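These are the residues of each chain, in order.
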Amino acid sequence: MNNPLGVVIMYAHFLMEQLGQHPELREDLTMVVEQADRCKKIVAGLLNFARQNKVEHDRINLVELVQKALRSVPPPVNVTLDVDNRMEDPLADLDADQLTQVLVNLVGNAYAAMPTAGP
């Protein structure tokens, strides 16, 4: 899986260099690169799990992590997602990739559970 993902990342970077007259596509291509990188990390995580390797914890800003995770799961039409970012200390020691995967799965499942509209 890493080889095809590497090709996707390479071509996305190549397209970003060629944008010239279409800078509005940069954000979309950046998302492609970020998500392909995330996929590579998920594959590495699966390999690490199979090998029983230790999880890596870093100091992470939860507000930023949630915002970034939610950008990769746009809501369906007529569905809104409200996030309360008020917290005293948004820093936590955790594995950002694993928590991002959990958030993406939860939000994706929630969207799938209400395909026509949210409350």
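Above this text you will find the structure in question.
Residues numbered from 1 in each chain as written. Predicted model: local features only at pLDDT ≥ 70, side-chain atom pairs only at ≥ 80, totals over all residues. Heavy atoms only, no water.

How should the overall build of the protein be read in this particular structure?
For the protein, the count of helices and strands is four helices and two strands. Its helices and strands in sequence order give the protein the pattern α-α-β-α-β-α, from N to C terminus. Overall size of the protein, expressed as C-alpha extent along the three principal axes, is 40 × 40 × 30 Å. Here the protein holds 119 residues, and 21% of them are scored as buried. Restricting to contacts in the protein with at least 6 residues of sequence separation, those with at least 24 account for 83%. Entry remark: accessible area of the protein is about 8,800 Å², with carbon and sulfur atoms responsible for 58%. Mean positive and mean negative side-chain charge positions of the protein (10 and 16 charges, respectively) differ by 5 Å. (Helix = DSSP H or I, 4+ residues; strand = E, 2+ residues; numbered from the N terminus. Buried < 20%, exposed > 50% of the residue type's maximum accessible area, 1.4 Å probe, protein only. Contact = heavy atoms within 4.5 Å. Areas by Shrake-Rupley, 256 points an atom, 1.4 Å probe, with all protein chains shown as cover. Lys, Arg positive; Asp, Glu negative; His and termini not counted. Charge placed at Lys NZ, Arg CZ, Asp CG, Glu CD.)

I tried to follow the packing of helix H3 (residues 62–71) against helix H4 (residues 96–113) on my own but got confused; where do I start?
Angle between the axes and distance between the axes: these two values describe a pair of packed helices. Relative to each other, H3 and H4 sit at 50°, their axes nearing to 9 Å. Taken as axis vectors, H3 and H4 run oblique relative to one another. The handedness of the crossing between H3 and H4 is right-handed. Two secondary-structure elements touch here, H3 through Leu62, Leu65, Val66, Ala69 and Leu70 and H4 through Ala96, Leu99, Thr100, Leu103, Val104 and Val107. For the contact of H3 with H4, the residue count by class is ten nonpolar, one polar and no charged. (Axes fitted to C-alpha atoms, helices over the stretch in contact; angles between N-to-C directions. Parallel < 35°, antiparallel > 145°, perpendicular 65-115°, else oblique. Left-handed = near helix turned anticlockwise from the far one by under 90°. Nonpolar A, V, L, I, M, F, W, Y, C, P; charged D, E, K, R; others polar.)

Any chance you could explain the packing of helix H2 (residues 26–51) against H4 here in plain terms?
Packing of H2 against H4 brings their axes to within 10 Å, and their N-to-C directions diverge by 110°. The pairing of H2 with H4 is recorded here as roughly perpendicular in orientation. Here H2 contributes Arg38, Lys41 and Ile42 to the contact with H4, which in turn contributes Asp97, Thr100, Gln101 and Val104. A breakdown of the residues in the contact of H2 with H4 according to their chemical character gives two nonpolar, two polar and three charged.

Looking at this structure, I do not really get the pattern of salt bridges. What am I missing?
Oppositely charged side chains can pair when the atoms bearing their charge come close. Taken as a whole and judged by the stated rule, the model has three salt bridges. Salt-bridge contacts for Arg86 lead to Asp84; the nearest nitrogen and oxygen are separated by 2.7 Å. Look at Asp84 and you get partly exposed, because its relative accessible area is 47%. (Salt bridge = Lys/Arg side-chain N within 4 Å of Asp/Glu carboxyl O.)

What's the story with the environment of Val73 in this structure? I'm lost.
For Val73, the position within the fold is in the loop between H3 and strand E2 (91–94). Along the sequence, Val73 and Gly108 sit 35 residues apart, while their C-alpha atoms lie 6.6 Å from each other. When neighbours within four sequence positions are excluded, Val73 is seen to be in contact with Val104, Val107, Gly108 and Tyr111.

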